[in-house]
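Report on the structure
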Amino acid sequence: MRIARFSIDGNVAFGVVEGDPSSKEGPVLDIIKGHPFAEFERSGQKVPIGKVRLLPPVLPSKVVAIGRNYAEHAAELGHEVPEVPVAFFKPSTAVTGPGDPIAYPAFSGEVHHEAELAVVIGRMCREVPRERVKDVVLGYTCANDVTARDVQRRESQWARAKGFDGSCPLGPWVETELDPADLGIMCTVNGEQRQLGRTSDMVHSVADLIVHITEAMTLLPGDVVLTGTPAGVGPLTVGDEVAVTIEGIGTLTNKVIKRG
């Protein structure tokens, strides 16, 4: 099941995506009663997806991101593969949705794309045992861990480099029925392939990451875990259109603009 969050006529709602997104007619959204973090009913009220504005599929209280979780990506930046996951935060204000602009930060001259599989948490959880990880996951979506690489290099903490406004595009929806073990991930810039990898190349699996993170902190419904990026990260410039495509989910597209 694919669940989208959207705005129509000034109202925000969740809906189940029905139909083929690649078809000429496009899919429709069956508006749900309530929210997807509990049992819900479909209203039967349907609206074409082309008539709405898709929003970030969730509004997380926090985004917990994992660095250097693909060996080739660690190598391309000159780093060793860490023995344990390297975690950092992106604030809720970094989150933006499909089609929303990425505003190039004035304090950086080298902004990079990082295509990632994002895990969306479905229930409050802490100290999750490995055999219960599936129970706390709502589903998966596409993410772009946009990074001010020059700032990351010169500042020991990554808060500004990874957490500036608009640096965490998510979408286009949450896919709830997906095995994350071996999915293709691709990033294109202006239609040109930049990144191509598979989640099977992760150093630490989704289950590893959930267990590791929840040893230390409580995750809330709607929180997001970014699982790392494959090799091929590179620069973005004003005017670029960057797209993250993940097998079984769809494509998240954003355009880079000059910060006003």
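Each remark here, short or long, concerns the structure printed above.
A short tour of the structure in this document, coming up.

Basis of the calculations
Per-chain numbering applies: the sequence of each chain, read as written, is numbered from 1 onward. Totals for whole chains, interfaces and linings use all residues, but because this is a predicted model, local features are given only for residues with pLDDT of at least 70 and pairs of side-chain atoms are given and counted only at 80 or more. To obtain the side-chain values, all non-hydrogen atoms of the structure were used and water was disregarded. The criterion for strand pairing is that DSSP finds at least two bridges linking the strands in question. Helix and strand definitions follow DSSP, with helices as H or I runs of at least four residues and strands as E runs of at least two, each counted in order from the N terminus. Fitted lines through C-alpha atoms give the axes, limited to the stretch in contact for helices. The angle between two N-to-C directions lies from 0 to 180 degrees. Residues grouped as a nonpolar core are buried Ala, Val, Leu, Ile, Met, Phe, Trp, Tyr and Cys residues, joined through side-chain atoms within 4.5 Å. Exposed residues in this analysis have more than 50% of their type's maximum accessible area, buried residues have under 20%, and partly exposed residues fall in between, with area computed by a 1.4 Å probe over protein chains only. Pairs were defined over the aromatic rings of Phe, Tyr and Trp, the Trp ring being its six-membered one, requiring ring centres within 6.5 Å. Orientation was assigned from the angle between planes: stacked under 30 degrees, edge-to-face over 60, tilted for the rest. A ring is considered to have a charge above it if a Lys NZ or an Arg CZ atom is located within 6 Å of its centre and within 35 degrees of its normal. Between Lys or Arg on one side and Asp or Glu on the other, a salt bridge is scored when a side-chain nitrogen of the former is within 4 Å of a carboxyl oxygen of the latter. Between N or O atoms, a polar contact is any pair within 3.5 Å; within protein, one atom must be a potential hydrogen donor and the other a potential acceptor, and residues adjacent in sequence are included only when both atoms are from side chains.

All right, on to the sheet that holds strand E20 (residues 250-258) then. One open sheet accounts for five strands, arranged E9-E20-E19-E15-E16; its pairing is mixed. Two strands bound the open sheet, and with one partner strand each, they are strand E9 (102-104) and strand E16 (192-198). Averaged over all pairs of adjacent strands, the angle between their axes in this sheet comes to 20°, without regard to strand direction.

Take the nonpolar core next. Judged by nonpolar contacts, the single largest core of 52 residues is most densely connected at Phe6, Leu29, Leu117, Ile210 and Ile246. The element that contributes the greatest number of residues to this core is helix H5 (residues 206-214), accounting for five residues. In terms of nonpolar packing, the next biggest core, distinct from the first, is built from 16 residues, Phe88, Val95, Val120 and Cys168 among them.

This part takes up the sheet that holds strand E10 (residues 111-113). An order of E13-E10-E18 is seen for the three strands of this open sheet, with the pairing classed as antiparallel. One side of each edge strand has no neighbouring strand; the edge strands of this open sheet are strand E13 (147-148) and strand E18 (234-236). Two strands pair when backbone bridges link them, and E10 and E13 are joined in this way by two bridges, in the antiparallel orientation. Directly across from Val111, in E13, lies its bridge partner Ala148.

With that settled, consider the packing of aromatic side chains. Describing an aromatic ring pair means giving the distance of the ring centres and the angle of the ring planes. Tallied over the entire structure, the rule returns two aromatic pairs. For the pair Phe88 and Trp158, a centre-to-centre distance of 5.2 Å together with 70° between the ring planes defines the contact as edge-to-face. Placement of Phe88 in strand E7 (residues 86-90) and of Trp158 in the loop between helix H3 (149-154) and helix H4 (159-163) is noted, with a sequence separation of 70 residues between them. Using a relative accessible area of 17% as the deciding quantity, one classes Trp158 as buried. Geometrically, the ring pair formed by Phe107 and Phe164 is edge-to-face, given 6.1 Å between the ring centres and 80° between the ring planes. Of the two residues, Phe107 sits in the loop between E9 and E10 while Phe164 sits in the loop between H4 and strand E14 (168-175), which places them 57 residues apart along the sequence. Above the face of the Phe107 ring, Arg160 is positioned so that its terminal group lies 4.7 Å from the ring centre.

What the rule picks out here adds up to 17 salt bridges. Across the pair Arg130 and Asp208 runs a salt bridge whose closest N-O atoms are separated by 2.9 Å. Placement of the pair is Arg130 in the loop between strand E11 (115-121) and helix H2 (133-136) and Asp208 in helix H5, with a sequence separation of 78 residues. Taking the relative accessible area as the measure of exposure, Arg130 reaches 45% and is therefore partly exposed. For Asp208, a relative accessible area of 23% corresponds to the partly exposed category.

What follows covers the side chain of Lys62. Secondary-structure assignment places Lys62 in the loop between strand E5 (53-54) and strand E6 (63-67). A distance of 3.0 Å separates a polar side-chain atom of Lys62 from the backbone oxygen of Thr218.

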